[in-house]
Amino acid sequence: MASRKDASERKRIVLVGQVNSGKSTLYNRLLRQERSLVSDQAGTTTDSVEKLFELPSVGPVLLVDTPGLADETPLGAERQRVTQHALSSADLILYLLSCEESLDTPIITALRKASVPTLPIIARADLPEQSSWLERQEEIMRCFGHTPLTLRQDDEKSLDTLLEAIKRTLSNESEPAPSLLGNLCQAGDLVLLVMPQDSSAPAGRLILPQVQTIRALLDRGCHALCVTPEQLPAALSQLATPPQLIITDSQVFATVEPLVPEDCRLTSFSILMSAQRGDLQRLVAGAGAIGRLTPASRILIAEACTHAPEGEDIGTVKLPRLLRKRIGETLTIEHVSGRDFPEDLTPYDLVIHCGGCMFNRRMLISRQDLATAQQVPMTNYGLAIAYLTGILDKVTLP
């Protein structure tokens, strides 16, 4: 039976290479079904194609086929952007190249600087004579840190060898994701969750961070009690002993914090998610930049998911309202969502990102690294709201 993991926790294997390097053919072979269009015409793959499949001893992984590099078609630049986006969330890259292909390209240089393991694969061209091939192998090994794998179209043994290399590399490179709850609670603790059910909450279901937090509490052996902000005072009054921890939606920090019993910890779903998905220390430091903003400042608010905002949406309505109340109505606030994220962040004085429940850790870290490289502070929704309501020093961090 396949192990059950959220999409953000599945390892992402991304196929990269020049146009017509054989990426889509390999993609279909690995899946053992025709999922990606194969053609000799350059630029056939126009967007990333993703498919979940089960990798024995690893579990469910996400296989991603990307548009070819060095695409000179009219849509080439847009396809390169799609490929770059896929690379930012990759846990393993399968780089397809020919025996004659130059290793001195911008994309290979970028891959060598990144921390993502890359397996070089010779998938199409015939191998040169033995002496030349040995020299080429050594060159590729020095470039990628892995001996190149050769893959023949009708050779199942070479495909099995590749699968073993994928499993071995993922096992060697994998680090356990940080615990969602950190050291905030332990088995037997009572944890109270405050979850607004207003017009912006999805009808008939809970949002993903709430679901993941409840599951994490159950797995740890904690007692989870769920209430709305309106129910919080009555719930606290009915408890024989106060809860050890309160986890709230960040947007009601100002309502919840005054009611927190003495010696009870307080945090938010957004802060928990960002600590698991990203570098919390940098995000906390980024929150301090709010105090340096002026009415002429420019802020980018980034949302991982692409839902249509409805009602009092936290990213497009509530957070901007808090910011303008604190800093000034002329503050410039821009929004992006999903995979849209500017490569140039220098026009902004601050980036505020959501908790990233729809992203894997590598994706959120890559965005933080981009901001750090350009010296632009970056924080997250929960930390920003805690700062704006004056309670950041009272919030417990995992």
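For the structure itself, look to the data block above.
Residues numbered from 1 in each chain as written. Predicted model: local features only at pLDDT ≥ 70, side-chain atom pairs only at ≥ 80, totals over all residues. Heavy atoms only, no water.

A. How the structure looks around the nonpolar core. The biggest cluster of nonpolar side chains holds 53 residues, and the ones touching the most others in it are I299, L319, L323 and I352. Here this core takes 6 residues from helix α13 (residues 381–388), the largest share from any one element. Residue-level mapping places this core at the junction of two domains, with at least three residues from each of domain 2 (190–272) and domain 3 (279–389). Apart from the residues within four sequence positions on either side, L323 is in contact with I299, I301, G328, L331, I333, I352 and L388. (Core = buried A, V, L, I, M, F, W, Y, C linked by side-chain atoms within 4.5 Å. Buried < 20%, exposed > 50% of the residue type's maximum accessible area, 1.4 Å probe, protein only. Helix = DSSP H or I, 4+ residues; strand = E, 2+ residues; numbered from the N terminus. Domains from an automatic or database assignment. Contact = heavy atoms within 4.5 Å.)

B. The arrangement of the pattern of salt bridges in detail. Evaluated as defined, the whole model comprises 10 salt bridges. Close ionic contact of R29 with E156 constitutes a salt bridge, the shortest N to O distance being 3.9 Å. Of the two residues, R29 sits in helix α1 (residues 23–31) while E156 sits in helix α5 (residues 156–173), which places them 127 residues apart along the sequence. Given a relative accessible area of 15%, R29 falls into the buried group. Of the residues examined, E156 reaches a relative accessible area of 41% and is grouped as partly exposed. Two residues, D279 and R282, come together in a salt bridge whose shortest N-O distance is 2.9 Å. Several salt bridges converge on common partners, so that one network encompasses D279, R282 and D369. (Salt bridge = Lys/Arg side-chain N within 4 Å of Asp/Glu carboxyl O.)

C. Highlighting the sheet that holds strand β13 (residues 350–353). In spatial order, the strands read β12-β11-β13-β14; together these 4 strands make up an open sheet with parallel pairing. The open sheet has two edge strands with one neighbour each: β12 (332–337) and β14 (378–380). Ignoring strand direction, the axes of neighbouring strands in this sheet form an average angle of 25 degrees. Strand direction decides the pairing type here: strand β11 (residues 298–303) and β13, joined by 4 bridges, are parallel. Counterpart to L300 in the pairing with β13 is V351. Relative to the sheet, helix α12 (residues 361–373) contacts β11, β13 and β14, its axis offset from that of β14 by approximately 145 degrees. (Pairing = 2+ DSSP bridges. Axes fitted to C-alpha atoms, helices over the stretch in contact; angles between N-to-C directions.)

D. Structural view of the packing of helix α6 (residues 208–220) against helix α9 (residues 269–277). Look at α6 against α9: their axes get within 10 Å of each other, and the N-to-C directions meet at 75 degrees. Of the possible angle classes, the one that applies to α6 and α9 is roughly perpendicular. Note on element contacts: α9 touches α6 through F269, L272, M273 and R277, opposite P209, Q210, Q212 and T213. (Parallel < 35°, antiparallel > 145°, perpendicular 65-115°, else oblique.)

E. Representation of the sheet that holds strand β6 (residues 149–150) in the model. The strand order across the open sheet formed by 6 strands is β2-β3-β1-β4-β5-β6, and the pairing between neighbours is mixed. Both outer strands of the open sheet, β2 (49–55) and β6, are each paired with one neighbouring strand and no more. Note: strand β1 (residues 11–17) against strand β3 (residues 59–65), 5 bridges, orientation parallel. Bridge pairing links L15 to D65 in β3. Helix-sheet contacts for α1 involve β1, β2, β3, β4 (92–97) and β5 (118–122), and the interaxial angle to β3 is about 160 degrees.

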